[in-house]
Every structure is written in structure tokens, then in C-alpha cells.
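A closer look at the structure
Each chain, letter by letter, is given below.
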Amino acid sequence: MPDFTLLRAAVSVLVPRQPPPAHPVHLERDGLRVDPDRVAAYARVCGAHEVDPLPILYPHVLAFGLTMRVMSRRDFPFPAPGLIHVHDVVTQHHPIGITDSLDLRATAGEPRPHHRGRVIDVHTEVSVAGQPVWSQRSSYLRRDTRTRGAAPPRSTDDDLSAWPEIDRWPAAADIGRRYASVSGDRNPIHLSALTARPFGFRRAIAHGMWTTARALSSLQPEQPSATTVAVDFMAPVTLPTTLILAATPARDRFVVRSLNGRIHVSGSLRAHDDAGRHDAPSI
């Protein structure tokens, strides 16, 4: 992420919030070209098996600068640093080639209550030659005990501990910095204990999108042409640690957990043949 974007995000902590605009903030960037070396670096960090077509979560990296511009505006409800990524839905309608020219759109939603504060959605869309090929809804939490809503009921329908283990891997102490170097997401909660502590974390925590990308590299070595990935980030991954991936026999639902059984990510995968949009229930 360019330095000016980092500076804008940092300064957003100090700038007074303005009332939200009458219409949702909508920013665009057209004609973006992919850097093959950056994709290869991302693949090494996330364990991805392919670089062409792009890994399914890589457009999140491409759009990160644009979404940070949305989130760093004075009329965005919260300062960007310290926001916690709690939920994500990605739909790939068609594989994206490494040589495609990409048009990006990013839009902020309205804040809503969450049992740990308030949450806001940022919607992103990627198009090729005027046709939408990829979309994302990312939900970010602003922790605040004064504004939190009621906690949702816990599901007891599934025994997640019974799902078979698919893979396990180390999450090193520096994985937050390594992922930040290829994604541009330098949120201080991911970089070190020193920078994470002011936001309530004893140690740095892993990026949710890194944890998900690493899980998908094991679940889908060859990604389908059209698919939807929906994940809830249940608990932070405190670094360093070892993570375990477990999934249903069909591999359509999965969890990432620690050795002690604590679930960090709960997700679902759905392949589809049509170009229609798919989504998952809001948190």
C-alpha cells in the first residue's frame, strides 16, 4: 500500500468524524494491471498453488488501496486503525487472468449494532471488460461496549470437533508482517505486540484473510470457476501458534482451530455454474 494511504489511515484516528453523506461513498479505479511478481509473493506467503488465474482471495489485495481510501475518509464512521475484520463473503463469478485489465469499485455501507460494538460493511466489485467477475462484502468491527447489541444465539446443530483434520501449519510470529508486505494491510494489530497492545491485544494477531487464504490452499488446490466463500472470524489468531484445518467430508464447510480446540475461522464453500450473485447471512 502506498505510504500516503498509510499516512491517511493513521491520521484518520485524529480527525473528527463528519456526518455520513446522503449517498454511500463510492470510489472507482479502472484499468488496473496485475504485477506477476507480487502475485507470486502472495502465493508463497499464503500457500496458494496457482498464480494464473489469480488466487480467489487475491483481488482483495488488489482492491485494498481503494477500500482504504473509503475507510480513511472523514465521513467514514470510524477511524481505520484498530478495526477488526469479523466476516467476509467473496464470490468469484469467473476466474481472473493475470493479464486482465481490471476495473474496481468500493462502497461503504451503514454501521449496525454488533454484540461487541458496531460493524460496517465495505463492498468491493471487480469487472473485466464491463462484466462483473468478482465481488466481496467485508465486515469490520469497531469494539465499543457503549453501543453493542445483543449477542446472536450460538448454533448447536453441528459437532465441529467431529470434522476430520485436513491439514495443519505453523502461524509464525512474523506472519502478520509477511502478509502485510504482500497485501498492503498494515493494520497495527497484525504487526507486533507493541503495536497491537493499544488496541487490546497482548500479542500480534494474524490477518483473517491470510488464515482463510491458507485454508483454501488446502481445501481447493484447483479452485472451481465460480464459487462463493463465506467466513466468520470467530476469535483472533494470537501469534505464534499452530493452526488445524478441519472440514466436512464434502469440504463444503470448514473450520480453522488451534491445538486447544478453539475455533478461529468458520467458513463455507459453494461452487456454482451460473453468474448470479450469492451471499451469506449477515452476522
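Everything quoted here is computed from the prediction, not taken from an experiment.

A closer look at the packing of helix α2 (residues 36–46) against helix α5 (residues 175–183)
Look at α2 against α5: their axes get within 9 Å of each other, and the N-to-C directions meet at 160 degrees. Of the possible angle classes, the one that applies to α2 and α5 is roughly antiparallel. Crossing angle aside, the handedness with which α2 passes α5 is left-handed. Residues Arg38, Ala41, Tyr42, Val45 and Cys46 of α2 lie in contact with α5, whose contacting residues are Ile175, Arg178, Tyr179, Val182 and Ser183. For the contact of α2 with α5, the residue count by class is 7 nonpolar, 1 polar and 2 charged.

A few points about the pattern of salt bridges
If you walk through the whole model with that rule in mind, you get 6 salt bridges. Between Arg105 and Glu28 there is a salt bridge, and its shortest N-O distance comes to 3.5 Å. Of the two residues, Arg105 sits in strand β3 (residues 102–108) while Glu28 sits in strand β1 (residues 26–32), which places them 77 residues apart along the sequence. With relative accessibility at 21%, the residue Arg105 sits in the partly exposed group. The exposure class of Glu28 is partly exposed, given its relative accessible area of 42%. Close ionic contact of Arg112 with Asp121 constitutes a salt bridge, the shortest N to O distance being 2.9 Å.

Description of unusual backbone geometry
Cis peptide bonds are those with omega within 30 degrees of zero, and the linkage from Asp52 to Pro53 qualifies with 5 degrees. Residue placement: Pro53 occurs in the loop between α2 and α3 (58–62). In this chain, Leu239 is followed by Pro240 through a cis amide linkage whose omega measures -5 degrees. Assignment of secondary structure puts Pro240 in the loop between β8 (227–233) and β9 (241–247). You will see that Ala129, though not glycine, has its phi angle at about 55 degrees, which is positive. Along the chain, Ala129 turns up in the loop between β5 (117–128) and β6 (131–143). Despite not being glycine, Arg251 shows a phi value in the positive range, around 60 degrees. Relative to the helices and strands, Arg251 is located in the loop between β9 and β10 (253–258). A relative accessible area of 33% places Arg251 in the partly exposed class.

Points about the pairing of β10
The buried count for β10 comes to 5 of 6 residues, which makes it a mostly enclosed element. Where β9 lies against β10, 5 bridges are found, and the strand directions are antiparallel. Bridging across to β10, Ala246 finds its partner in Val255. Hairpin connection, β9 to β10: the antiparallel pair is bridged by 5 residues, and Arg251 has positive phi, about 60 degrees. Counted between consecutive antiparallel strands, the loop separating β10 from strand β11 (residues 263–271) contains 4 residues, among which Gly261 sits at a positive phi close to 95 degrees.

As for the environment of Ala271
With respect to the helices and strands, the residue Ala271 is situated in strand β11. Sequence separation between Ala271 and Gln223 is 48 residues; the distance between their C-alpha atoms is 9.2 Å.

What to know about the confidence of the model for the chain
Here the chain shows a mean pLDDT of 86. Residues at 70 or above account for 82%. The low-confidence segment residues 1–15 (pLDDT under 50) makes 23 contacts with residues lying over four places distant or belonging to another chain. In the predicted structure, residues 275–283 sits below a pLDDT of 50 and forms 28 contacts with residues beyond four places in sequence or in another chain.

Rules behind the numbers
Residues numbered from 1 in each chain as written. Predicted model: local features only at pLDDT ≥ 70, side-chain atom pairs only at ≥ 80, totals over all residues. Heavy atoms only, no water. Axes fitted to C-alpha atoms, helices over the stretch in contact; angles between N-to-C directions. Helix = DSSP H or I, 4+ residues; strand = E, 2+ residues; numbered from the N terminus. Parallel < 35°, antiparallel > 145°, perpendicular 65-115°, else oblique. Left-handed = near helix turned anticlockwise from the far one by under 90°. Contact = heavy atoms within 4.5 Å. Nonpolar A, V, L, I, M, F, W, Y, C, P; charged D, E, K, R; others polar. Salt bridge = Lys/Arg side-chain N within 4 Å of Asp/Glu carboxyl O. Buried < 20%, exposed > 50% of the residue type's maximum accessible area, 1.4 Å probe, protein only. Pairing = 2+ DSSP bridges. pLDDT = per-residue confidence, 0-100.

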